[in-house]
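# Inside the fold
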Amino acid sequence: KAGVTQTPRYLIKTRGQQVTLSCSPISGHRSVSWYQQTPGQGLQFLFEYFSETQRNKGNFPGRFSGRQFSNSRSEMNVSTLELGDSALYLCASSFSGSAVDEQFFGPGTRLTVL
Amino acid sequence: GENVEQHPSTLSVQEGDSAVIKCTYSDSASNYFPWYKQELGKGPQLIIDIRSNVGEKKDQRIAVTLNKTAKHFSLHITETQPEDSAVYFCAASRGGNQFYFGTGTSLTVIP
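Now for a description of the structure that goes with this document. These figures come from a predicted structure and were not determined experimentally.

Another aspect to go through is the interface of chain B and chain A. Contacts between chain B and chain A engage 19 residues on the former and 24 residues on the latter. Carbon and sulfur atoms supply 52% of the area that chain B and chain A bury against each other, a total of about 1600 Å² over both sides. On the chain B side of the contact with chain A, Asn97(B), Gln98(B) and Phe101(B) bury the most area, a combined 35% of that side's loss. For the interface between chain B and chain A, the tally reads three residue pairs in polar contact (both at pLDDT 80 or more). With three residues, strand E4 (residues 32-38) of chain B is the single largest residue contributor to the side of chain B that touches chain A. Within the side of chain B that touches chain A, the residues separate by chemical class into seven nonpolar, nine polar and three charged.

So, in structure tokens, the structure goes:
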């Protein structure tokens, strides 16, 4: 069974630009969560989508947004990029929505903002 | 919200020795505590987890203990091997697939 895939793997942008990252969950998984990983802040929860609806949201500004499609694939968008947005963005999928169950992480997208 | 603290931030052990990583959490409603291993260039991988109705869980060389009263949980790796070298993260969740992570422990196993 294929794992979680994320595209692109690496991205370089400049301040003020916007970026869209993509995540394809494991087949059959309906929940997709996004995390930002930085050396200083560690892994921080951005948001979670289940059945095309945002169910949970972390403490990030409105520049960070996401969506989920009917096939469970998810995208996240960051507008008006800042230097501090440079990070590894991780996507994780899980099967169920109502109970806590195992999350499977993708390899991440490394975003560098210049 | 939940706050998870993890110690130590770095840990070096000789091959064959044991390694212990400790985490504390603040939200008494948290009921699920996974541990992840992250190797360079990869996403975190679940290695073991424990739920709040269990005090200890073991899987071969890896074990996790949970003390709900004290709000802390620990990862124990016995008979460490060089391939155990990685960054380890603890996490806590109260549900909804929203996880709070510790800041990570970089484990180095010296051959």
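Turning next to the sheet that holds strand E6 (residues 56-59) of chain B. All names here are of chain B. Strand order in the open sheet formed by five strands is E1-E3-E8-E7-E6, with antiparallel pairing between adjacent strands. Each edge of the open sheet carries a strand with a single partner, namely strand E1 (4-7) and E6. Adjacent strand axes in the sheet meet at a mean angle of 15° when their direction is disregarded.

Glancing now at the pattern of salt bridges. Under the definition given, this model contains 10 salt bridges over all chains. Residue Lys42(B) pairs with Glu39(B) through a salt bridge whose shortest N-O separation is 3.6 Å. Under the relative-accessibility criterion, Lys42(B) is labelled partly exposed at 46%. Put simply, Asp84(B) and Arg61(B) hold a salt bridge, and the shortest N to O gap is 2.9 Å. Highlighted residues: Asp84(B) in the loop between strand E8 (72-77) and strand E9 (86-92) and Arg61(B) in the loop between E6 and strand E7 (62-67), separated in sequence by 23 residues. Through salt bridges that share partners, Arg63(A), Glu82(A) and Asp85(A) make up one connected network.

Reading guide: rules and limits
Residues numbered from 1 in each chain as written. Chains lettered and ligands numbered in written order. Predicted model: local features only at pLDDT ≥ 70, side-chain atom pairs only at ≥ 80, totals over all residues. Heavy atoms only, no water. Contact = heavy atoms within 4.5 Å. Buried area = accessible area lost by both parts, 1.4 Å probe. Polar contact = N/O pair within 3.5 Å; in protein donor to acceptor, adjacent residues only side chain to side chain. Helix = DSSP H or I, 4+ residues; strand = E, 2+ residues; numbered from the N terminus. Nonpolar A, V, L, I, M, F, W, Y, C, P; charged D, E, K, R; others polar. Pairing = 2+ DSSP bridges. Axes fitted to C-alpha atoms, helices over the stretch in contact; angles between N-to-C directions. Salt bridge = Lys/Arg side-chain N within 4 Å of Asp/Glu carboxyl O. Buried < 20%, exposed > 50% of the residue type's maximum accessible area, 1.4 Å probe, protein only.

All we've got here are geometric facts, nothing functional implied.
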